[in-house]
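# Structural description and commentary
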Amino acid sequence: MKRKSLNNIQFTVYASFWIVLVFSVILLPLRWVAGWLCSVLIHELGHLAGILLFKLPVYSVSVKLTGIYIGTSEMLPSQEAIVAAMGPAIGLLPVLFARCFPCTAICAVLQFGFNALPIMGFDGGRVLHAILRTFLSESNAFRCMRGLQILLLVVVLILLMHIRRNTLAVLAVIMLSLRIVAVTFPCKRGKQIVQWSK
């Protein structure tokens, strides 16, 4: 783990990111690795633009296996929904340049597809949770999201039973299931700092 500080913003790059990057460079053509990195960077710049739009402070930027996290202060539900939606919205910009950068455009569309899912930890889940918080208390919004996660887990498991032959699809569904379980049944509640992931 490498830590640097710039203007009181803590930058941290975890070893898991470097491991994934090295394996990606070994296993994938370089243009796809570059496309993936560019699409992630553009997506996160969208979140950062939303944070700066509301003049919120940025405390930290962490690069981990699961994405890039921007630590900021607590937001109002409307602010949280807008900041969460700006990542995927800005992240689709490479599609406009698909002729010049096809790998980046494809990675951006795939990233948008996953991030739009209403699963906590993804941007779609953050938007839905923020909208629920405008109408419900925090605890009721959390209960609704947990119920939705369980429903999605059941749907994912049903899908898993029907796609036994395609190994890549099975792996994708298993990883999605693990993500749903991890955010549905957390071991402990997180810090007050809001973090935005890819």
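One numbering rule holds for all chains: residues counted from 1, following each sequence as written. Local features in this predicted model are restricted to residues whose pLDDT is 70 or higher, and side-chain atom pairs enter the listing and the counts only when it is 80 or higher, whereas totals over whole chains, interfaces and linings include all residues. As a convention, hydrogens and water are excluded, and side-chain values are obtained from all of the structure's heavy atoms.

## Side note on the confidence of the model for the protein chain
Should pLDDT be low for a region, the predicted coordinates there are not to be read in detail. Per-residue confidence from the predictor is reported as pLDDT, a score between 0 and 100. When pLDDT is averaged across the protein chain, the result is 80; 76% of the residues are at 70 or more. Runs of E in the DSSP output that reach at least two residues are strands. Runs of H or I that reach at least four are helices, and both are numbered from the N terminus. Averaged over each element, pLDDT in the protein chain is lowest for strand β5 (residues 194–196) (46) and highest for helix α3 (residues 77–91) (91). Note on residues 187–198: pLDDT is under 50 here. Beyond four places in sequence and across chains, it has 46 contacts. What makes two residues a contact is simply this: any of their non-hydrogen atoms within 4.5 Å.

## A closer look at the nonpolar core
Across soluble globular proteins, nonpolar side chains have a tendency to be buried as a group. Within this scheme, the nonpolar core is defined by two criteria: the residues are buried Ala, Val, Leu, Ile, Met, Phe, Trp, Tyr or Cys, and they are joined through side-chain atoms within 4.5 Å. Note on classification: 1.4 Å probe, protein chains only; a residue is buried when its accessible area is under 20% of the maximum for its type, exposed when over 50%, partly exposed between these limits. By size, the foremost hydrophobic cluster in this structure holds 14 residues, and its most contacted members are Ile51, Val58, Val61, Ile68 and Met75. Of all the secondary structure elements, the ones that give two or more residues to this core are α1 (15–27), α2 (30–53), β3 (58–64) and β4 (67–72). What valine 58 contacts, discounting residues up to four positions off in sequence, is Ile9, Leu48, Ile51, Ile70 and Gly71.

## Things to note about the side chain of arginine 133
Along the chain, the position of arginine 133 falls in helix α5 (residues 123–135). Pairing of N or O atoms within 3.5 Å defines a polar contact, subject to two protein rules: one partner must be a possible hydrogen donor and the other a possible acceptor, and residues neighboring in sequence count only if both atoms are side-chain atoms. A polar contact is formed between the side chain of arginine 133 and the side chain of glutamate 80, at a distance of 2.4 Å.

## Some points on α3
If you check α3, its first and last C-alpha atoms are 22 Å apart, about what 15 residues at 1.5 Å a residue would give, namely 21 Å. Where α3 is concerned, the buried positions are Pro77, Gln79, Glu80, Ala81, Val83, Ala84, Met86, Gly87, Pro88 and Gly91. For a helix, the expected span equals 1.5 Å multiplied by the residue count minus one.

## Things to note about the side chain of serine 62
Tracing the chain through its elements places serine 62 in strand β3. The contacts of serine 62, once residues within four sequence positions are left out, are Thr12, Tyr14, Gly67, Ile68 and Tyr69.

## Things to note about the pairing of β3
In terms of burial, β3 is a largely internal element, five of the seven residues being buried. Between any two strands, pairing holds if DSSP finds at least two bridges. For strand β2 (residues 9–13) and β3, the ladder comprises four bridges, and the chain directions are parallel. The residue bridging glutamine 10 from the neighbouring strand is serine 60, located in β3. The pairing of β3 with β4 spans six bridges and is classified as antiparallel. Bridged to lysine 64 within β4 is glycine 67.

## Focus on the pattern of salt bridges
The term salt bridge refers to a side-chain nitrogen of Lys or Arg lying within 4 Å of a carboxyl oxygen of Asp or Glu. Across all of its chains, the model carries two salt bridges by this definition. Its salt-bridge partner being arginine 133, residue glutamate 80 comes within 2.4 Å of it at the nearest N-O pair. Of the two residues, glutamate 80 is situated in helix α3 and arginine 133 in helix α5; the sequence distance between them amounts to 53 residues. Neither residue differs from the other here; glutamate 80 and arginine 133 are each classed as buried. Each of Glu80, Arg133 and Glu138 takes part in salt bridges that share partners, so that together they form one network.

## Considerations on the packing of aromatic side chains
Stacked, edge-to-face and tilted labels apply to pairs of Phe, Tyr and Trp rings (six-membered ring for Trp) whose centres lie within 6.5 Å, assigned for plane angles under 30 degrees, over 60, and everything in between, in that order. Across all of its chains, the model carries one aromatic pair by this definition. For the pair phenylalanine 17 and tryptophan 18, a centre-to-centre distance of 5.2 Å together with 70° between the ring planes defines the contact as edge-to-face. Note on tryptophan 18: relative accessible area 43%, which makes it partly exposed. One cation-aromatic arrangement involves lysine 64 over tyrosine 69; the distance from NZ or CZ to the ring centre is 5.0 Å. Criterion for a charge above a ring: Lys NZ or Arg CZ within 6 Å of the ring centre, and within 35 degrees of the ring normal.

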